[in-house]
Every structure is written in structure tokens, then in C-alpha cells.
Amino acid sequence: MEDVEKKMEDVKVEEGGGKETEPGFVNGMTLDERYALVRSIGEECIQEDELRRLLEKKPLPVCYDGFEPSGRMHIAQGVMKALNVNKLTKAGCVFKFWVADWFAMLNNKMGGDLKKIRKVGEYMIEVWKAIGMDLEHVEFHWTSDEINERSDEYWPLVMDIARVNNLKRIIRCSQIMGRAEAGEDGAPNLNLTAAQIFYPCMQCADIFFLKADICQLGMDQRKVNMLAREYCDVKKKKLKPIILSHHMLSGLLQGQEKMSKSDPSSAIFMEDSEQEVRTKIKKAFCPPEQVEGNPCLEYIQYVVLPWFGSFEVSRKEENGGDVKYETYEALVADYKTGALHPGDVKPALVKALNTILQPVRDHFKNN
């Protein structure tokens, strides 16, 4: 895998007069433009001033995300992640994916079978290729390979993070594995396996091991990313990893706060057929004139609009005629008044999603 240092040669830092001489001018973009593009990814950024300073001072910041190869890939992990990575690399960043095969084994995914986990990891990379992720400045690092090669660097770091944190603080991170941090009585969850206690210490170490400047994971990973910043305070490290947390899509059915791989009806998956997409969206929760908690509108906001730049609705003239929404705000305004009905939204959403997913279907059919 090509090193970050070698990728420095590919970064286009312009020379000459005008705005090209401004600090942070990379790949034809000013510092303000790069900052706006990177910041647009995050529902939350800790801290914004640190992010701007990083983009100004470092030509090629390192972003990281780790993922467990644990089964089918849903649309948020596939499409939203591709959109985010492409924005970051356009802004002059290198993106490091931490293919967390050992973590999947620790979390008992695929029955803890490392060979099956590896195969799933390879599948997920193929999905990103098919959907159009720009891989020129993307690196995939397999946990098992990297840790074995640099064990003398990795394990002392893990042990030091474990040493300076108490058990209560580590259990607070259990959400990152999809586990509850507390039982029904509110007491700390002591049903976690020893491996699941070890897991957050390792994930925290990953950030430093990969020399990541930006942690670009979901909001559900916030607690362990904050653990890394706290570790910097303990060790008196001046440069803390910046946390850029993206939005987590909710499930398609009423009351589902998040998508679940164990419930196929809760999400659109990257290899779903046209009919499966149609059936799932037809059953999806989409109450008239209600925006809050409406997963269909959420898919439009975070998947369709960023992908196409617009959302097109086809309907008969007596029902208002065709309409093209170029902003989410315009769509919401019509939906709240009833000018846009669920019966209009759902067919248009099905068409858009199937168009996005077709290259993935073709890729696996033909290869």
C-alpha cells in the first residue's frame, strides 16, 4: 500500500499569484473551500478551530475510519461513506480504512471465524469500488496484518491506554460495539466479555497507530474518539485527533432509531434487488406532513440529494405536475404543507435509490 509520504507528491499545491499563494490552497481549492467541504461531512466536529488549523498547516491530513467486516453492507456504510471519502480526498486528505478483522473476531462476528471475516472485508471493498469511491488517495489496512508486522509498536500503546483508564470509563465505550453500557437497572453492564473490554483500548490505540489527524466515523463511535483526546491530555500531547462524526441513518420502520444488519427490513442494502428496494420503501414509515423521524425524507437528505444534487418527482398534472428539488429545505417546505405527498415521495425515492445501486448489482453480476 502506498505510503502517505509518497502521496504528498500527488497533491497539487499551486504556485503563482492570486489566491493560489494563500495558505492552505490545495487541489485548486482555497482554505475556506476545503474547510467548508470537510466540515459539511460532520454532524458534529470536535473542534472546528483545530480542523481549520490542520487544513491550513498540513497539506495532506490523514483521515481514518475502522469497520468490522460483519455481514452485508447497508446504504449508509456504502453510499454515504463513499460520498464522504470523496469529499475528503478532494479536499486534499488521505483516507485510511482500518479493516478491523481482529475486532470483528473479538466482537464474535461471523462466529469468530477469521477466514469468513476476511472474505466479508474483501466484499465490502469491492462494493466501494463499484459505487464509485475514488481510491487514488485511499488506503486499506488490515488489522491482523498491520498489528502482526508492528506488534512492538501497537501493544505497548494498547496497554498504556488500558493502564491510565478505569473500567467504568472503558465500559462507557461499549456502544461502539453495538453493546449497552448499562443494564436495565442502570448499573454498568458486566455481561460484556473480556474481549469486549479490551476492544475500546485497541480502537483508541488505532488512532495513534495509524497517525490519524481526523477520526471520520459515525456518531455512535464518539465516546471512544473522545477517549483518544482524553489520552492526549494525560500524555500531554498537543495535537489531538479531530473528531468529525457523520449522521447515523435511522431504520426504515416506525420507531427504529438505527439500521440493523440483523433486520433486513430496517435498511436498504447495497446489493438489494430493484424489487427489494421497492418493497422496503413501500413499507417504510412516511407520515404525511411529518418531517421529524421520517426515514424516507432522511434518505433523500443524506443519500439522494448529495448523490444527484437534486430530487426529482414525477406526477400527473392534476396532482401538481413534475417537480425538481435542489435543496432539502425546499422539499421540506412542500412536504410540511402537504404539497408533496408520501405517494409522490416513495416512487421517486425508489427510482433514485435503484439508479444509485445499479452499478453495484452489475459489478457482482459480471465479475
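(A) Local environment of the packing of helix α13 (residues 295–308) against helix α14 (residues 328–337). Direction vectors running N to C along α13 and α14 enclose 160 degrees, while the axes themselves pass 11 Å from each other. Taken as axis vectors, α13 and α14 run roughly antiparallel relative to one another. Considering only the axes of α13 and α14, their crossing is right-handed. Facing α13, whose interface residues are Leu297, Ile300, Gln301 and Leu305, α14 presents Tyr328, Leu331 and Tyr335. By residue class, the composition of the contact of α13 with α14 is 6 nonpolar, 1 polar and no charged.

(B) The environment of Arg39, seen in detail. Structurally, the position occupied by Arg39 is in helix α2 (residues 31–39). Arg39 sits 206 residues away from Ser245 along the chain, and the two C-alpha atoms are 9.8 Å apart. Once residues within four sequence positions are removed from consideration, Arg39 is found in contact with Glu44, Cys45, Glu48 and Leu51. Within polar-contact distance, the side chain of Arg39 engages the backbone oxygen of Gly42 at 2.7 Å. At 2.7 Å, the side chain of Arg39 and the side chain of Glu48 are in polar contact.

(C) View of the pattern of salt bridges. Enumeration over the complete set of coordinates arrives at 22 salt bridges. As a salt-bridge pair, Glu122 and Lys119 come within 3.7 Å of each other at their nearest N and O atoms. With a gap of 3 residues between them, Glu122 and Lys119 both fall in helix α6 (residues 114–131), about one helical turn apart. By relative accessible area, which is 34% here, Glu122 ends up partly exposed.

(D) Looking closely at the sheet that holds strand β6 (residues 242–245). Across the sheet, 6 strands lie side by side as β1-β6-β5-β2-β3-β4; this open sheet has mixed pairing. Both edges of this open sheet fall to β1 (44–46) and β4 (138–142), since each of them pairs with a single strand only. Along the sheet, helix α10 (residues 194–209) contacts β2 (62–67), β3 (94–99) and β5 (214–215); its crossing angle with β2, the most-contacted strand, is approximately 150 degrees.

(E) Structural detail: the environment of His341. Among the structural elements, His341 can be located in the loop between α14 and α15 (342–366). We classify His341 as partly exposed; its relative accessible area is 42%. Distance in space between the C-alpha atoms of His341 and Pro287 is 9.0 Å, their sequence separation being 54 residues. A distance of 2.8 Å separates a polar atom in the side chain of His341 from the backbone nitrogen of Gly343.

(F) Seen up close, the nonpolar core. Ile75, Tyr299, Phe311 and Leu353 are the most contacted members of the largest nonpolar core, which totals 77 residues. Per-element tally for this core: the top contributor is α15, with 9 residues. Once residues within four sequence positions are removed from consideration, Phe311 is found in contact with Ile300, Val304, Leu305, Val323, Lys324, Tyr325, Leu331, Val345, Ala348 and Leu349. Counting 29 residues, the second largest nonpolar core, distinct from the first, contains Phe103, Leu217, Val224 and Tyr231.

(G) Representation of a negative patch on the surface. Residues Glu312, Glu317, Glu318, Asp322 and Glu326 make up a contiguous surface patch of negative charge. Locating Glu317 in the fold gives a position in the loop between β7 (311–313) and β8 (323–325). Overall, the relative accessible area of 66% leaves Glu317 in the exposed class.

Analysis parameters
Residues numbered from 1 in each chain as written. Predicted model: local features only at pLDDT ≥ 70, side-chain atom pairs only at ≥ 80, totals over all residues. Heavy atoms only, no water. Axes fitted to C-alpha atoms, helices over the stretch in contact; angles between N-to-C directions. Helix = DSSP H or I, 4+ residues; strand = E, 2+ residues; numbered from the N terminus. Parallel < 35°, antiparallel > 145°, perpendicular 65-115°, else oblique. Left-handed = near helix turned anticlockwise from the far one by under 90°. Contact = heavy atoms within 4.5 Å. Nonpolar A, V, L, I, M, F, W, Y, C, P; charged D, E, K, R; others polar. Polar contact = N/O pair within 3.5 Å; in protein donor to acceptor, adjacent residues only side chain to side chain. Salt bridge = Lys/Arg side-chain N within 4 Å of Asp/Glu carboxyl O. Buried < 20%, exposed > 50% of the residue type's maximum accessible area, 1.4 Å probe, protein only. Pairing = 2+ DSSP bridges. Core = buried A, V, L, I, M, F, W, Y, C linked by side-chain atoms within 4.5 Å. Patch = residues over 30% accessible without salt bridge, like charges linked within 9 Å, V, L, I, M, F, W, Y side chains within 5 Å. Areas by Shrake-Rupley, 256 points an atom, 1.4 Å probe, with all protein chains shown as cover. Lys, Arg positive; Asp, Glu negative; His and termini not counted. Charge placed at Lys NZ, Arg CZ, Asp CG, Glu CD.

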